[in-house]
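Listed here are the chains, written in short residue letters.
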There are 2 protein chains.
Amino acid sequence: MVTIAHVPAAVDAVLAEYFDANRPTLDAIYPAVAEAGDVLADFVLGGGKRVRPTFVFAGWQCGAPTADAADETLALRVGAAIELIQACALIHDDILDRSDTRRGRPTAHRRFETVHVERAFVGDPAHFGVSAAILLGDLALAWADDLVHGIAPGRWTDPRPLPRPVGELWARMRTEVLGGQLLDITNESAADESITAAYRVMEYKTAAYTVARPLQFGAALAGADDALSESLHRIGIDLGIAFQLRDDVLGVFGDPAETGKPSGDDLVEGKRTALLAEGLQRASGPDAELLRANIGRPLSDDDVAAARSVLTDSGALAAVEQQIEDRLDAALDGIDRLPVPASARDDLTWIARRITHRQR
Amino acid sequence: MVTIAHVPAAVDAVLAEYFDANRPTLDAIYPAVAEAGDVLADFVLGGGKRVRPTFVFAGWQCGAPTADAADETLALRVGAAIELIQACALIHDDILDRSDTRRGRPTAHRRFETVHVERAFVGDPAHFGVSAAILLGDLALAWADDLVHGIAPGRWTDPRPLPRPVGELWARMRTEVLGGQLLDITNESAADESITAAYRVMEYKTAAYTVARPLQFGAALAGADDALSESLHRIGIDLGIAFQLRDDVLGVFGDPAETGKPSGDDLVEGKRTALLAEGLQRASGPDAELLRANIGRPLSDDDVAAARSVLTDSGALAAVEQQIEDRLDAALDGIDRLPVPASARDDLTWIARRITHRQR
């Protein structure tokens, strides 16, 4: 019996076993392919908080009133599969963002670029790095689907089929997260200033993918009814949006020592966050122009301070903080009213507070 | 009852229905996401010979001695799903190869680049194009898995689960094709001259993915036994390699008017084909140097003619032509000896000859 705090370690064990089982298959294709597979295994096992598998487990606990009502290993399998989707998302995202490092280590495309240089390959190292990383992300996405269905290209197998309702949620979630990412890059390029668009990205790219669907997966695995599943979806969307809004505030106002990112990083990156959309809508004409001028380009400390002032003085920051409170309160109220064992409610409350940095 | 010549049209109908069913889901995320989905639908429905679905159907006919022994629509569903994998492969491949056109139309990343320019988006149009196309390829890959399992993010559903043995073949095939592609770009960058490496790429990137696994999918759907499945795999690998070798010969010696590609295109692209590996191994020292000097760079007509001479005079071309004959003969012999209805053998022979351009 796994407890919620041990989900990350249990999921890592599933993933490590899966990578090990697939390695001979890659090696049989050619040793160079097994080496690429090792890059994926390193990437996945090298970090990550396993938030999504933890929500799958929390959802499973909500649906399974007694310990033997369902088999928790199926919840761990689905959680591990989402981590492989996440690996694809991060590997491809790092290409899109031209990032050099992730969790303090070189990103996948940079690792392949280094291989190209070290082995004195011919052609453009950067192009090779991106090409190999695109394919590696594809492999992670394909393996996510194999794992969730209990199959593998290698010898690993789990004979239990994925229950149909979970498969349908799985289909929705993958389209939602990819749709949310497509919308995100489109908003950024279109310099979209609408609050609606910013909320849609949060809802699909973050809230559904990170919280709502994982909770529903777990509940469905435990045979929960539609009413419970819908309650968990609502809670998950509120919680996921609170989580993302908190992240957006930290992305502009956060202390680099705590966030690990440069000061005002979201402004420099040109992210179309709800905080920014609120600021552009609430600020006076000249202030809005000032804000617009400080998006999507390198910024001095004074530029960041000026943008922060507009966001504070216009009331945008206060409005977003209020949204965080409201959404989190709604989620916590929803959790309190769930017709599930007290221990399941406690675990869900614990993780809800943790991801939104709230103590009470 | 579909006949083998009508498989492409029948598969197109499945795909069109699937795209239609998913459109409202994309539109609910945001209209811009539905527009991206339309690019995918256009891309998939805009061309392609549906070779892989045709082999799935041929395999199904081998396993189903009577018309009602299995439901052919399941074979069409699996065939359509492979076309979505192929869409991902082509969209991502066009990024890797920096191609501007595919089937006479702009590639996906170029289409998104044009959207960026036409709508006066901010930032780098080329980077936006590549970013959106990476995500669109990911969506195609995710949908391939949904479709093969009979689910969709939208309302479309086919309640029949994918039989377990087909799911296991599906897992192997996706890893094989991605592994083959990873090996292909590694060989190209490493300037690998070994014949073994060239054959491995052909075996996994082309033969297994295009012929062998599709035949086995069909047979497994019709409940074929292991012996028949293994025979079909052997036939598929031989046939797939003959098909790829023929393509390699055309890539160097083909008439641009027939191939639709520039003269000596494979040499310019630096493809590490078996033909090239044979040439480098068989040619004298100076001739091999000449060949090496004419790989992976723009070539004049004289350069192409000189490289062709080395490939012909060294006996490399004759050796590859002999391989094509041997592999195709082995495949056709294997088909003749299959314990399946004569009509299934005839159909398989027909498509085998068609893809290798052989009349007799």
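Everything quoted here is computed from the prediction, not taken from an experiment.

**Q** How should I be thinking about the overall build of chain A in this particular structure?
**A** Tallying secondary structure elements over chain A gives 16 helices and two strands in all. Relative to the 2.2 N^0.38 estimate, which gives 21 Å for 360 residues, the radius of gyration of chain A is 21 Å and therefore close to what a compact globule would have. Seen along its three principal axes, the alpha-carbon backbone of chain A occupies a region of about 65 × 60 × 30 Å. Here chain A holds 360 residues, and 58% of them are scored as buried. Counted over contacts in chain A with a minimum sequence separation of 6, partners at least 24 positions apart contribute 74%. Of the roughly 13,900 Å² of accessible surface on chain A, a fraction of 50% belongs to carbon and sulfur atoms.

**Q** Help me understand the pattern of salt bridges, please; the structure alone is not making it clear to me.
**A** Two side chains carrying opposite charge are able to pair once their charged atoms lie near each other. Counting across every chain of the model gives 46 salt bridges over all chains. Residue Arg292(A) is joined to Glu193(A) by a salt bridge in which the shortest nitrogen-to-oxygen separation is 2.6 Å. You can see Arg292(A) sitting in helix H13 (residues 285–293) and its partner Glu193(A) sitting in the loop between helix H7 (164–190) and helix H8 (195–221), a full 99 residues away along the chain. Residue class for Arg292(A) comes out partly exposed when judged on its relative accessible area of 31%. Looking at Glu193(A), the relative accessible area reads 28%, which means it is partly exposed. A salt bridge links Glu168(B) to Arg164(B); its shortest N-O distance comes to 3.6 Å. You can see Glu168(B) and its partner Arg164(B) sitting in helix H7 (residues 164–190), four residues apart, about one turn around the helix.

**Q** Would you mind showing me how to read the interface of chain A and chain B here?
**A** Reports often express the size of an interface as the amount of accessible area lost when the parts come together. Listed per partner, the contact involves 62 residues of chain A and 62 residues of chain B. Buried surface at the junction of chain A and chain B, summed over both partners, amounts to about 5,500 Å²; 69% is from carbon and sulfur atoms. Interface area lost by chain A to chain B is led by Ile29(A), Leu135(A) and Arg164(A), which between them contribute 12%. Counting the contacts that link chain A with chain B gives four salt bridges. A salt bridge links Asp146(A) to Arg174(B), with the shortest nitrogen-to-oxygen separation between them at 2.8 Å. Along the contact surface separating chain A from chain B lie 25 residue pairs in polar contact (both at pLDDT 80 or more).

**Q** Looking at this structure, how should I read the packing of aromatic side chains?
**A** The geometry of an aromatic ring pair comes down to the distance between the two centres and the angle between the two planes. Following the criterion strictly, the structure yields twelve aromatic pairs over all chains and no others. With 5.2 Å between their ring centres and 85° between their planes, Tyr18(A) and Trp156(A) make a pair best called edge-to-face. With Tyr18(A) in helix H1 (residues 7–29) and Trp156(A) in the loop between helix H6 (125–148) and H7, the pair connects residues that are 138 residues apart, well separated along the chain. A residue is classified by how much of its surface remains accessible, and Tyr18(A), at 1% relative accessible area, is buried. Their ring planes at 85° and their centres at 6.1 Å tell us that Tyr18(B) and Trp143(B) sit as a pair that is edge-to-face. Of this pair, Tyr18(B) sits in helix H1 (residues 7–29) while Trp143(B) is found in helix H6 (residues 125–148), placing the two residues 125 residues apart along the sequence. The class of Trp143(B) is buried, set by a relative accessible area of 1%. An aromatic cluster is present here, built from Tyr18(A), Phe19(A), Trp143(A) and Trp156(A) joined pairwise through their rings. Sitting above the plane of the Phe43(A) ring, Arg103(A) keeps its charged end 5.5 Å from the centroid.

**Q** It is not clear to me how the packing of helix H4 (residues 72–96) of chain A against H7(A) should be interpreted in this structure. Could you clarify?
**A** Residues and elements named next belong to chain A. Two elements in contact, H4 and H7, have axes separated by 12 Å at closest approach and are oriented at 15°. Here H7 runs roughly parallel to H4, going by the angle between their axes. Remark: the crossing between H4 and H7 carries right-handed chirality. Contact with H4, carried on its side by Ala-81, Ile-82, Ile-85, Ala-89, Asp-93 and Leu-96, involves Trp-170, Met-173, Arg-174, Gln-181 and Ile-185 of H7 and no other residues of that element. Taken together, the residues of the contact of H4 with H7 break down into eight nonpolar, one polar and two charged.

**Q** Quick question: what am I supposed to make of the nonpolar core here?
**A** Proteins that are soluble and globular tend to have nonpolar side chains buried together. If you look at the biggest cluster of nonpolar residues, it comprises 257 residues, and the most contacted ones within it are Leu348(A) and Leu348(B). With residues up to four places along the chain from it excluded, the contact list for Leu348(B) reads Phe55(B), Ala58(B), Cys62(B), Leu215(B), Leu232(B), Ile335(B) and Leu338(B).

**Q** For this particular structure, what's the right way to read the domain arrangement of chain A?
**A** All names here are of chain A. Along its sequence, chain A is organised into domain 1 (1–162) and domain 2 (163–360). On the domain 2 side, the residues contacting the 31 residues of domain 1 number 32 residues. It is Phe-55, Cys-62 and Leu-162 that lose the most area in domain 1 upon contact with domain 2, and together they represent 27% of the buried surface on that side. Across the contact surface, domain 1 and domain 2 share one salt bridge. Arg-174 is paired through a salt bridge with Asp-145; the nearest N and O atoms lie 3.2 Å apart.

**Q** Sorry if this is basic, but what is going on with the side chain of Asp184(B) here?
**A** All names here are of chain B. Structurally, the position occupied by Asp-184 is in helix H7. Look at Asp-184 and you get buried, because its relative accessible area is 15%. With residues up to four places along the chain from it excluded, the contact list for Asp-184 reads Val-201 and Lys-205.

**Q** Hey, could you run me through unusual backbone geometry in this one?
**A** What is expected of a backbone is that most residues other than glycine have negative phi and most peptide bonds are trans. All names here are of chain B. Positive phi values are uncommon outside glycine, yet Arg-103 reaches one of about 55°. Note that Arg-103 resides in the loop between strand S1 (101–102) and strand S2 (105–106). A positive phi angle, near 55°, is found at Ala-120, a position not held by glycine. As for its placement among the helices and strands, Ala-120 is situated in the loop between helix H5 (108–118) and H6. What makes Ala-120 exposed here is its relative accessible area of 62%.

**Q** In this structure, what is going on with helix H16 (residues 342–355) of chain B? I would like to understand it.
**A** Count 3.6 residues to each turn of an α-helix, and residues three or four apart come out pointing the same way. The terminal C-alpha atoms of H16(B) lie 20 Å apart, and with 14 residues this matches the ideal 20 Å at 1.5 Å per residue to within 8%. Trailing H16(B) by a residue or two, His357(B) shows a phi angle of about 55°, which is positive.

**Q** Help me understand the environment of Ala81(A), please; the structure alone is not making it clear to me.
**A** Residues and elements named next belong to chain A. Relative to the helices and strands, Ala-81 is located in helix H4. Exposure remark for Ala-81: the relative accessible area of 0% places this residue in the buried category. Measuring from C-alpha to C-alpha, the distance between Ala-81 and Arg-52 comes to 10.0 Å, with 29 residues separating the pair along the chain. If we ignore the near neighbours within four places in the chain, the residues touching Ala-81 are Ala-144, Leu-147, Val-148 and Trp-170.

Calculation rules
- Residues numbered from 1 in each chain as written.
- Chains lettered and ligands numbered in written order.
- Predicted model: local features only at pLDDT ≥ 70, side-chain atom pairs only at ≥ 80, totals over all residues.
- Heavy atoms only, no water.
- Helix = DSSP H or I, 4+ residues; strand = E, 2+ residues; numbered from the N terminus.
- Rg over C-alpha atoms; globule rule 2.2 N^0.38 Å.
- Buried < 20%, exposed > 50% of the residue type's maximum accessible area, 1.4 Å probe, protein only.
- Contact = heavy atoms within 4.5 Å.
- Areas by Shrake-Rupley, 256 points an atom, 1.4 Å probe, with all protein chains shown as cover.
- Salt bridge = Lys/Arg side-chain N within 4 Å of Asp/Glu carboxyl O.
- Buried area = accessible area lost by both parts, 1.4 Å probe.
- Polar contact = N/O pair within 3.5 Å; in protein donor to acceptor, adjacent residues only side chain to side chain.
- Phe/Tyr/Trp six-rings, centres within 6.5 Å; stacked < 30°, edge-to-face > 60°.
- Lys NZ or Arg CZ within 6 Å of the ring centre and 35° of its normal.
- Axes fitted to C-alpha atoms, helices over the stretch in contact; angles between N-to-C directions.
- Parallel < 35°, antiparallel > 145°, perpendicular 65-115°, else oblique.
- Left-handed = near helix turned anticlockwise from the far one by under 90°.
- Nonpolar A, V, L, I, M, F, W, Y, C, P; charged D, E, K, R; others polar.
- Core = buried A, V, L, I, M, F, W, Y, C linked by side-chain atoms within 4.5 Å.
- Domains from an automatic or database assignment.
- Expected span 1.5 Å × (residues − 1).

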